[in-house]
Amino acid sequence: MGRSAAFFDLDKTVIAKSSALAFGRPFYRDGLISRRDVVKSAYAQLMFRLGGGSDEQAMARTRDYLAALTKGWRVEQVQQIVAETLDELINPYVYAEAATLISEHQAAGRDVVLVSASGDEMVRPIGALLGITDVIATRMSIVDGRYSGEIEFYAAGPNKVVGVAELAATRGYNLANCYAYSDSASDLPLLEAVGYPSAVNPDRALRRAAIENAWPILEFRNPIPVGKRLRDRPAVPVAAALGVGVGAVIGLALYARHRRSKALA
């Protein structure tokens, strides 16, 4: 069957908030962004999500705004801010259901990969918090230790599939045997690229697509800090854990039957 992997979107799929907006306060505190930038970023994120995030022009505007906003920032300063605030701003918002599912994939011998439009300097430490080393994220061009205002790779929409395909070619993944999880219709290309897609806390457009394609729909509702999960096992309330596990099994079975019926048609 070949090697297999599970690809997880980050925002609202693994964590209960926007990773980029989460660091807005310390970025503002350290003088990287203005109050106007904070408001504008929040508005842009809201519009992106309300629109399903799938419009190419909207993604291009977000990409260009990100490049302009970060131009001149010292990479070392960004990394330091993320390291110092990760436990406060991200750790309490990791969905326990997502952490359990990640652990299940790892126990099954699959590689787990975070795939996010947020910057690599933010996503990689979040991955480390979850025991994930493989990350596909937006990469900014760096010159003399500062962001140049150019983006080398924007990990959003169809570009996520580009990153996934490159990793699959390197690792020898058979994407038909791989899994993907996302909350947004902007990630439909990613979900359609794998054999086992699941919608997590889906927006309206993604929920509609999941129903049409008989994809599993998972509801994650329990953000719990990593330390608390380790101290107070089981990590997820028993009912919630059974709901996610059984729901995923039933959903995957229905989806497999759906795929077989399409093949026979």
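Up top you'll find the structure we're talking about.
What you are looking at is a predicted structure, and each value in this text was computed from that prediction instead of being measured.

### Side note on the environment of Gly 131
Structurally, Gly 131 is set in the loop between α7 (120-129) and β3 (134-143). For the pair Gly 131 and Ser 103, spaced 28 residues apart in sequence, the C-alpha to C-alpha distance is 9.0 Å.

### Regarding the nonpolar core
If you look at the biggest cluster of nonpolar residues, it comprises 41 residues, and the most contacted ones within it are Phe 8, Val 14 and Phe 27. Of all the secondary structure elements, the ones that give two or more residues to this core are β1 (5-9), α4 (56-70), α5 (75-89), α6 (96-107), β2 (111-119), α7, β3 and β5 (179-182). Residue contributions to this core peak at six residues, all from α5. Here Val 14 is in contact with Phe 8, Asp 9, Tyr 93, Val 94, Tyr 95, Ala 98, Ile 102, Leu 114 and Leu 130, once residues within four sequence places are set aside.

### Some remarks on the packing of aromatic side chains
Under the counting rule described, the total for this entry stands at six aromatic pairs. Residues Phe 27 and Trp 73 carry aromatic rings whose centres are separated by 5.3 Å and whose planes lie at 65° to one another, so their mutual orientation is edge-to-face. Taken together, the residues Phe 27 in helix α2 (residues 24-29) and Trp 73 in the loop between α4 and α5 connect sequence positions 46 residues apart. According to the relative accessible area criterion, Phe 27 is buried, its value standing at 3%. Connected via pairs of aromatic rings, a cluster forms that spans Phe 23, Phe 27 and Trp 73. Looking at Lys 17, its charged tip hangs above the ring of Tyr 93, at a distance of 3.9 Å from the centre.

### Points about unusual backbone geometry
Of note, the phi angle at Asp 144 is positive, near 55°, even though the residue is not glycine. Relative to the helices and strands, Asp 144 is located in the loop between β3 and β4 (146-153). Notably, Ala 214 is not glycine yet its phi reads approximately 60°, a positive angle. Topologically, Ala 214 is positioned in the loop between α10 (204-213) and β7 (217-218).

### Quick word on the pattern of salt bridges
Following the criterion strictly, the structure yields 11 salt bridges and no others. Note that Asp 64 and Arg 63 form a salt bridge whose closest N and O atoms lie 3.1 Å from each other. Assessed through its relative accessible area of 32%, Arg 63 is described here as partly exposed.

### Brief notes about the pairing of β1
The buried count for β1 comes to five of five residues, which makes it a mostly enclosed element. Sheet analysis places β1 next to β2, joined by five bridges and oriented parallel. When the bridges of β2 are listed, Asp 9 appears paired with Val 115. Pairing of β1 with β5 involves three bridges; the strand directions are parallel. Looking at β5, one finds that Phe 8 is bridged to Tyr 181.

### So, the sheet that holds β2
Strand order across the open sheet formed by seven strands is β4-β3-β2-β1-β5-β6-β7, with mixed pairing between neighbours. Where the open sheet ends on each side, the last strands, each with one partner, are β4 and β7. Strand direction decides the pairing type here: β2 and β3, joined by five bridges, are parallel. Note that in β3 the partner of Val 115 across the bridge is Ile 136.

### So, the pairing of β3
Burial analysis of β3 places seven of its 10 residues in the buried class, the great majority of the element. A crossover connection joins β2 to the parallel β3 through α7; in handedness this β-α-β unit is right-handed. With four bridges connecting them, β3 and β4 associate as antiparallel partners. Bridging across to β4, Val 143 finds its partner in Arg 146. The hairpin formed by β3 and β4 contains two residues between the paired strands, and Asp 144 there has a positive phi angle of roughly 55°.

Conventions we followed
- Residues numbered from 1 in each chain as written.
- Predicted model: local features only at pLDDT ≥ 70, side-chain atom pairs only at ≥ 80, totals over all residues.
- Heavy atoms only, no water.
- Helix = DSSP H or I, 4+ residues; strand = E, 2+ residues; numbered from the N terminus.
- Core = buried A, V, L, I, M, F, W, Y, C linked by side-chain atoms within 4.5 Å.
- Buried < 20%, exposed > 50% of the residue type's maximum accessible area, 1.4 Å probe, protein only.
- Contact = heavy atoms within 4.5 Å.
- Phe/Tyr/Trp six-rings, centres within 6.5 Å; stacked < 30°, edge-to-face > 60°.
- Lys NZ or Arg CZ within 6 Å of the ring centre and 35° of its normal.
- Salt bridge = Lys/Arg side-chain N within 4 Å of Asp/Glu carboxyl O.
- Pairing = 2+ DSSP bridges.
- Right-handed = clockwise from strand over helix to strand, strands pointing away.

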